[in-house]
Each structure stands twice: as structure tokens, then as C-alpha cells.
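# Structural characterization, general
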Amino acid sequence: MSKLQQTDPEIYALIQAEEKRQTDELAMIPSENIVSEAVKEAVGSVLMNKYSEGQPGKRYYQGNGNIDAIESLVEQRALQVFGLDSKDWHVNVQPVTGSIANFAVYAALLSPGDRMLAMSLYDGGHLTHGWKLPDGKPISFTSKIYDTYFYNVDPQTEVFDYAQIAKIAAQVKPQILISGGTAYPREIDYAKMREIADSVGAIYMADVAHEAGLIAGGANTSPFPHAHVVTMTTRKTLRGPIGAMIFASKKLLGDSVAEKIDFAVFPALQGGPQNHSIAGIGVALHEALQPEFKTYAQQVVKNAQVLAAELKKAGFHVVSGGTDKHLILLDLRNKGISGKDAALALEKVGIITNKNTVPGETGKPWNPSGLRLGTPAVTTRGYTEKDMLEVAKKIIATLSPSN
Ligand code: DSN
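Here's what I pulled together on the structure shown here. (Residues numbered from 1 in each chain as written. Predicted model: local features only at pLDDT ≥ 70, side-chain atom pairs only at ≥ 80, totals over all residues. Heavy atoms only, no water.)

### As for the overall build of the chain
Put simply, the test is: Numbered from the N terminus, helices here are DSSP runs of H or I no shorter than four residues, and strands are runs of E no shorter than two. Radius of gyration means the value over C-alpha atoms here, while the globule rule gives 2.2 Å times the residue count to the 0.38 power. Under the scheme applied here, a residue whose accessible area is under 20% of the maximum for its type counts as buried, over 50% as exposed, and between as partly exposed, the area being computed with a 1.4 Å probe on protein chains only.
Counting secondary structure elements, the chain contains 16 helices and 15 strands. In terms of C-alpha radius of gyration, the chain reaches 21 Å, essentially the compact-globule figure of 22 Å for 403 residues. Oriented by its inertia axes, the alpha-carbon framework of the chain measures out at about 65 × 60 × 40 Å. Out of the 403 residues in the chain, the part that is buried amounts to 53%.

Structure, rendered in C-alpha cells:
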């Protein structure tokens, strides 16, 4: 980065400091990862100089031959990574974030005032799944546009209670049923969710932002055989740059869904796509198609399971009793420490996590009762089970009352 160093030494120095921080500390926030040098080169390329509003082959600006070829290739790879056929599935790789991808699905397939049913944010859902506070105060803008309802995990087992979800769905009769989110450590039964959606005539959207890479690598089950729509981000377990993708089933929703989704992304919600990020996503998808990525995905899960087991042995309340994925959620109420204090204490010893709400939350989002931990980034750094035992020791020692 010699040019940057010459032109803007201040920004250069701060980037260097951040690179050192990322090397010296352990990123254990489950939504973070470390992209390859190849991904970084694509994202830092001349592609950011080009405006390309529209879709491949149908742009509002001239000079997009190369951009068309790149975006088409990325779409093709996105389908390939998840074993999908372009006859059956439409994909849009332009959303700049997962939040925008979710908004685009709603804009394409719902009308204002339609009913939405999703998992409570406190139990691990996502803001853009219609979140509003229990007193009705809207938080996500989605809750101002749509009539939103929530299901909770079972208070005892802390896992999905499908019978309860079906019961709420029968009462609410939502136009869309949503699964997925940010802090649910267990696999979701996508077939059951679809069955519930079908029972009330709803569209079923699986938001797999967190587990996309695990699905790509075969370490988690795929929602594609069941969902009408799948959204995901690209920077988490998929190990790409920031960005998102929307997959819509043409088989279930008809061919016209492609145009509806594309129109919702542009011009309804976004302007020119971030071509450099799209190319970076393409590189990450190429990497996800290599055999090593399968090993990576399996290792992410093994590492999380070892860490969860060690924390459990040490008396921590691991929400749902463990994990099937890359993330662990601790309910710290039995330890007498808040999520915020735990995250701050761990930061002091170089372990970067985040405070999080837990099922049955009694605190506030800014000072909740839980701590969220994840293994995607440490696994990229080559950590295996034996390293996780060391990480577990450090976490346990840091969060034990004597400290
Ligand atoms: N902010 C993401 C996460 O950390 O899980 C979700 O949007």
C-alpha cells in the first residue's frame, strides 16, 4: 500500500493499526471472518470506477461489457455453490447488505400492511424480520410497513418449537414466514417450516446469512429444497466481502419472480451496484467450490462444538445445550456477569466477542444477559480442536468470578 502511505499517511497508519489488531487479537464474533488476499485484490480493483445500474445485458450506462461478464459469472457460481439450476432459481447478487436483501424480498413479494411472522430478535432473529419492541414500538423500518408477529424458542429446551410456530401461524395467517437470524445455534428444520408456511398459504423465506458457508461446505443442511426464497450475506461463514444475495424459486413462485426481485433491488432500493464487491463475492464463491472449503466448513463446526462443550463443563449456560453451527450463545445470568462486562473483559485479553440478548431476556439490548461467540475467523487462521481447548481455558479463566 505504498501509494496510500504517500498520499494519505493518516488513513494508511490506521489501516496498519487495524491489520495489527486483527493479527494480535482473536476475532470470535460469529458474523466475522478473514477474506483471502485474492478477494481483497478483487474488491480493491478498478471495478469500483464503473456505474452499471441495471442487470447484465440491460444497463442504463454504456461500457459495461466486462461488468456484465463478471456479474453473470458470479450469478452462475452462486447457483453452482448451492447445487441449483438456473431453470429453477433466480439469483440477484447486487444487494449491498443482508438487510437490503431482506427488504428487497418484501418489496418484491409483499404489499404494505401484509403480515410477517418471524423469530423474536431476543431469541436470535434479525432486525429486518420486522422487529418491534414487545410494547409495539417499531425498531426496524420493516415493522412500520408490515404487520409483524414473532415466535419464540421453547423456554425449556431453547430450540424451535414447531408445534407452537404452527399454532401462531394459524392465528396470524402471515403472508410470509421467516426463519433464520443472528444468534440461533441450532439447525432449522426447513421442511417443517415450509409445511407450516403451506398450511397458511404463506411464502417461506429462509435467511441463512450466518450459515451460508456451512451450507455451501456441506456442514449444515440446505434450505433450498424447501424455501420459496433464500437470502444470505456473503461476509460471514461464506468468507467473502460485505454483500448479499437473494435466491428466489421460479418453480414455486413462477418465472416472473426474477423480474420482481431485480426491480426491488434496482431501482426500488439501490442505485449502481458495487461491482468490486460483486467480483470479490465471485472470488469467494470460487474458493467455496474448492474441496478445502468443505474441510473448512466442517472444522468451523467441530471447533464451535469443542468450545461449547468446554464452556458447558465449566458451568456456563450454553443456550440450547450446544451448537450445530459456528456460533455459541451463552446466557450469563447464572454467572452473575452481564454480557457487556463479559465482552469487555474478554477484549482486555484479546478475545473479541459481542454482547447479545438471550431467550427470556430480562436485560436491555445495550446491556443484555448473553455473550455470542463464533469460530469462522479462528478456523480460517488454522485453529483446530486442540487450539479451542486453549481458547476455552482463557475464556473460562477471564469470566470466572475471581477475575
Ligand atoms: N450484524 C449481523 C450479525 O452480527 O449477526 C447480523 O446482521
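So much for the structure itself; the text now carries on.
### Focus: the site of the ligand
As a reminder of what qualifies: If a single non-hydrogen atom of a residue is within 4 Å of a molecule or strand, that residue counts as near it. Counting of polar contacts relies on pairs of N or O atoms within 3.5 Å, with two restrictions inside protein: one atom must be capable of donating a hydrogen and the other of accepting it, and residues adjacent in sequence are counted only when both atoms are side-chain atoms. Using a 1.4 Å probe, accessible areas were evaluated by the Shrake-Rupley method; residue-level cover was limited to the displayed protein chains. Each residue is assigned to one class: nonpolar for Ala, Val, Leu, Ile, Met, Phe, Trp, Tyr, Cys and Pro, charged for Asp, Glu, Lys and Arg, and polar for all the others, Gly among them.
The environment of the ligand is made up of Ser31, His126, Thr182, His210, Lys236 and Arg372. In this structure, an oxygen atom belonging to the ligand sits 2.8 Å away from a side-chain N or O atom of His126. Protein coverage of the free-state accessible area of the ligand, which is 230 Å², stands at 63%. Residues that form the shell around the ligand fall into these classes: no nonpolar, four polar and two charged.

### Digging into the nonpolar core
Most often, soluble globular proteins keep nonpolar side chains buried together rather than apart. The condition is simple: In these notes, a set of buried Ala, Val, Leu, Ile, Met, Phe, Trp, Tyr and Cys residues joined through side-chain atoms within 4.5 Å is what counts as a nonpolar core. For this analysis, residues touch if any pair of their heavy atoms sits within 4.5 Å.
Phe82, Phe160, Met193, Met232, Met245 and Phe247 are the most contacted members of the largest nonpolar core, which totals 51 residues. Among all residues touching Met193, those that are not within four sequence positions of it are Tyr151, Phe160, Tyr162, Ile165, Leu177, Ile178, Ser179, Ile188 and Tyr204. Ala304, Val318, Ile351 and Ala392 belong to the second largest nonpolar core, which has 24 residues in total.

### Here's the deal with the sheet that holds strand S15 (residues 370–374)
Quick reminder of the rule: The rule for pairing is simple: two strands pair if DSSP sees at least two bridges between them. Only the stretch in contact is used when fitting a helix axis, every axis being a line fitted to C-alpha atoms; angles between N-to-C directions are given from 0 to 180 degrees.
Taken together, four strands build an open sheet; the order of strands is S11-S12-S15-S14 and the sheet is antiparallel. Edge positions in the sheet fall to strand S11 (317–318) and strand S14 (354–356), since each has one partner strand and no second. In the sheet, S11 pairs with strand S12 (residues 327–331) via two bridges, with the strands oriented antiparallel. The partner of Val318 across the bridge, within S12, is Leu330. Against the sheet, helix H14 (residues 339–348) engages S14 and S15, with an angle of about 40 degrees to S15.

### Details of the packing of H14 against helix H16 (residues 385–399)
Operational definition: Our angle categories are set so that under 35 degrees counts as roughly parallel, over 145 as roughly antiparallel, 65 to 115 as roughly perpendicular, and the remainder as oblique. A clockwise turn of the near helix away from the far one marks a right-handed crossing, whereas an anticlockwise turn of less than a right angle marks a left-handed crossing.
Where H14 contacts H16, the axes come no closer than 10 Å and their chain directions differ by 120 degrees. Between H14 and H16, the crossing angle belongs to the class labelled oblique. Every pair of crossing elements has a handedness; the one defined by H14 and H16 is right-handed. Of the residues in H16, those touching H14 at Ala342, Ala345 and Leu346 are Ile395, Thr398 and Leu399.

### Structural notes on the pattern of salt bridges
Opposite charge on two side chains lets them pair, provided their charged atoms get close. Note the cut-off: Any Lys or Arg side-chain nitrogen located within 4 Å of an Asp or Glu carboxyl oxygen qualifies as a salt bridge.
What the rule picks out here adds up to 15 salt bridges. When the shortest N-O distance is used, the salt bridge between Asp189 and Lys192 registers 3.8 Å. We classify Asp189 as partly exposed; its relative accessible area is 29%. On the accessibility criterion, Lys192 (38% relative accessible area) is partly exposed. Each member of the salt-bridge network shares a partner with another, and the members are Glu18, Arg21 and Glu25.

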